[in-house]
Amino acid sequence: MQLVVPIVVVLVLLAVAAPVLVTRRRRGRSSELTRPREEEDTHDDASPARQIPDTVRGQGLGARVRALFGAGVSDDTWAGLEDLLIRADVGPVAAGDIVGRLREDYRLGVDPSELLRDELVGVLGEDEPLRLDGDELAVVMVVGVNGSGKTTTIGKLARRLVTEGKKVSLAASDTFRAAAGEQLDVWARRAGAHIVAQDRGADPGAVAFDAVKSASARGADVLIVDTAGRLHTKQPLMDELSKVKRVIEKAGARVDETLLVMDAQTGQNGVAQARAFTEAVEVTGVVLTKMDGSAKGGIVLAVREELGVPVRFVGVGEGADDLQPFDSRAFVDRLMSE
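Residues numbered from 1 in each chain as written. Predicted model: local features only at pLDDT ≥ 70, side-chain atom pairs only at ≥ 80, totals over all residues. Heavy atoms only, no water.

**Quick word on the environment of Thr227**
Residue placement: Thr227 occurs in strand E4 (residues 222–227). For Thr227 and Gly144, which are 83 residues apart along the polypeptide, the C-alpha to C-alpha distance reads 8.1 Å. What Thr227 contacts, discounting residues up to four positions off in sequence, is Met141, Val142, Val143, Lys150, Ser173, Asp174 and Leu241. A polar side-chain atom of Thr227 sits 2.7 Å from the main-chain carbonyl oxygen of Val142. (Helix = DSSP H or I, 4+ residues; strand = E, 2+ residues; numbered from the N terminus. Contact = heavy atoms within 4.5 Å. Polar contact = N/O pair within 3.5 Å; in protein donor to acceptor, adjacent residues only side chain to side chain.)

Below, the structure written as structure tokens:
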């Protein structure tokens, strides 16, 4: 009997405590599931970039760089700067190279944000206009993945060249995408350019060949060749781009410029895109589209740093006149202030 009473007491206590323990465990698990997403970050919470005061974190890159260096300069400071550049879409390779050079040039008393600004302008290099000089027909091939704004960019470029007094022809060699030819035809009428097109599904090289002959006969100054949007990972499609270029040369013209149209929000996939297109058709310049939103466009620094390809134009809106020559200093100012 003496043993029975303690056992009964223990069982009663367990019966009372068990629901409380289960409830606490459920609450703890629930709090983990409902924790705000901003607390989940792939970056180390202890990194210097994460320790920037909240009052500064929402400000531009320049302000965050000054705050980062405000507590002194150490290895962690440089790691934090690299982290900030990666967050601005500059990319890990380019960010590492840029920080390495800054570390060599930095001296106490120098404004780190101004040093970074000068370095980024230096990476982008001198602004380069299109090279369309000469008495013969100039040909511009335009390439890019679907959805980057390629056809719209061609229309805006045609409009710009016509405004400069040039006679422009367009080749609708994107014969695979539905309504691509119709879209380019609308832009041709808006820009005052002539267009050469065939039925959907026609051979892109044949369209380009006919366009060269037609543009030459009409005395055009510039021929802009649209091409089918394609994933850079699809090698047969990339090989077809090379074929279109060879056909243009067989028709008696040369490709003066090959412009790669890139969405400013592409991120690090843009480096792989640029590398693949450059290998296929020797890209000579980048057009960065959709810069009218919150996109930082830091990817162009990675493309310039790693591949040496300059930016020629930026698209800042949907209007026919919203294609502007790239201004490296204005671009860096925006990157540093947002």
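**A look at helix H11 (residues 269–281)**
Working note: α-helix, 3.6 residues per turn, so residues spaced by three or four point in the same direction. Between its terminal C-alpha atoms H11 stretches 19 Å, which fits the 18 Å expected from 13 residues at 1.5 Å a residue. Among the residues making up H11, those that are buried are Gly270, Val271, Gln273, Ala274, Ala276, Phe277, Ala280 and Val281. Of the residues flanking the end of H11, it is Glu282, one or two places downstream, whose phi is positive at about 55°. (Expected span 1.5 Å × (residues − 1). Buried < 20%, exposed > 50% of the residue type's maximum accessible area, 1.4 Å probe, protein only.)

**Thoughts on the pattern of salt bridges**
Per the counting criterion, the structure on display carries 21 salt bridges. Among the ionic pairs, Asp333 bridges to Arg117, the shortest N-O distance being 2.4 Å. Of this pair, Asp333 sits in helix H13 (residues 328–337) while Arg117 sits in helix H6 (residues 112–124); the two residues are 216 residues apart in sequence, bridging distant segments of the chain. Classification of Asp333 by relative accessible area gives partly exposed; the value is 38%. Through salt bridges that share partners, Glu128, Arg131, Glu257, Arg304 and Arg312 make up one connected network. (Salt bridge = Lys/Arg side-chain N within 4 Å of Asp/Glu carboxyl O.)

**Quick look at the side chain of Lys150**
With respect to the helices and strands, the residue Lys150 is situated in helix H7 (residues 150–163). Of the residues examined, Lys150 reaches a relative accessible area of 6% and is grouped as buried. In terms of polar contacts, Lys150 uses its side chain to reach the side chain of Asp226, at 2.8 Å.

**Here's the deal with the environment of Arg329**
Among the structural elements, Arg329 can be located in helix H13. In this structure Arg329 comes out as exposed when scored by relative accessible area, which is 54%.

**Focus on the sheet that holds strand E2 (residues 168–173)**
Strands sit in the order E3-E2-E4-E1-E5-E6-E7-E8 across an open sheet of eight strands; the sheet is mixed. Looking at the sheet topology across the chains shown, the edges are occupied by strand E3 (194–196) and strand E8 (323–325). Pairwise comparison of adjacent strand axes, ignoring direction, gives a mean angle of 25° for this sheet. By the bridge criterion, five bridges tie strand E1 (residues 138–143) to E4 in an arrangement that is parallel. Residue pairing in the sheet places Met141 in a bridge with Val225 of E4. (Pairing = 2+ DSSP bridges. Axes fitted to C-alpha atoms, helices over the stretch in contact; angles between N-to-C directions.)

**Re the packing of helix H5 (residues 92–105) against H6**
If you want to describe how two helices pack, look at the angle between their axes and the distance between the axes. Following both chains from N to C, one finds H5 and H6 inclined at 130°, their axes separated by 11 Å at the closest point. Classified by the interaxial angle, the pair formed by H5 and H6 is oblique. The element H5 and its partner H6 pack so that their crossing is right-handed. Here Ile98, Arg101, Leu102 and Asp105 of H5 lie close against H6, whose contacting residues are Leu115, Leu116, Glu119, Leu120 and Val123. Residues of the contact of H5 with H6, tallied by class, amount to six nonpolar, no polar and three charged. (Parallel < 35°, antiparallel > 145°, perpendicular 65-115°, else oblique. Left-handed = near helix turned anticlockwise from the far one by under 90°. Nonpolar A, V, L, I, M, F, W, Y, C, P; charged D, E, K, R; others polar.)

**Thoughts on the packing of aromatic side chains**
Going through the model one piece at a time under the given rule, you end up with four aromatic pairs. Measuring from centroid to centroid gives 5.2 Å for Phe69 and Trp78, while their planes differ by 85°, and the two rings are edge-to-face. Summarising the burial analysis for this pair, Phe69 and Trp78 share the class buried. Between Phe69 and Tyr106, the aromatic rings sit 5.4 Å apart at their centres with planes inclined by 50°, giving tilted as the arrangement. Of this pair, Phe69 sits in helix H3 (residues 61–70) while Tyr106 sits in the loop between H5 and H6, placing them 37 residues apart in sequence. The pair Phe69 / Tyr106 is uniform in exposure class, with both members buried. Ring pairs connect the aromatic residues Phe69, Trp78 and Tyr106, which therefore count as one cluster. Above the plane of the ring of Trp187 lies Arg190, whose end atom (NZ or CZ) is 4.3 Å from the centre. (Phe/Tyr/Trp six-rings, centres within 6.5 Å; stacked < 30°, edge-to-face > 60°. Lys NZ or Arg CZ within 6 Å of the ring centre and 35° of its normal.)

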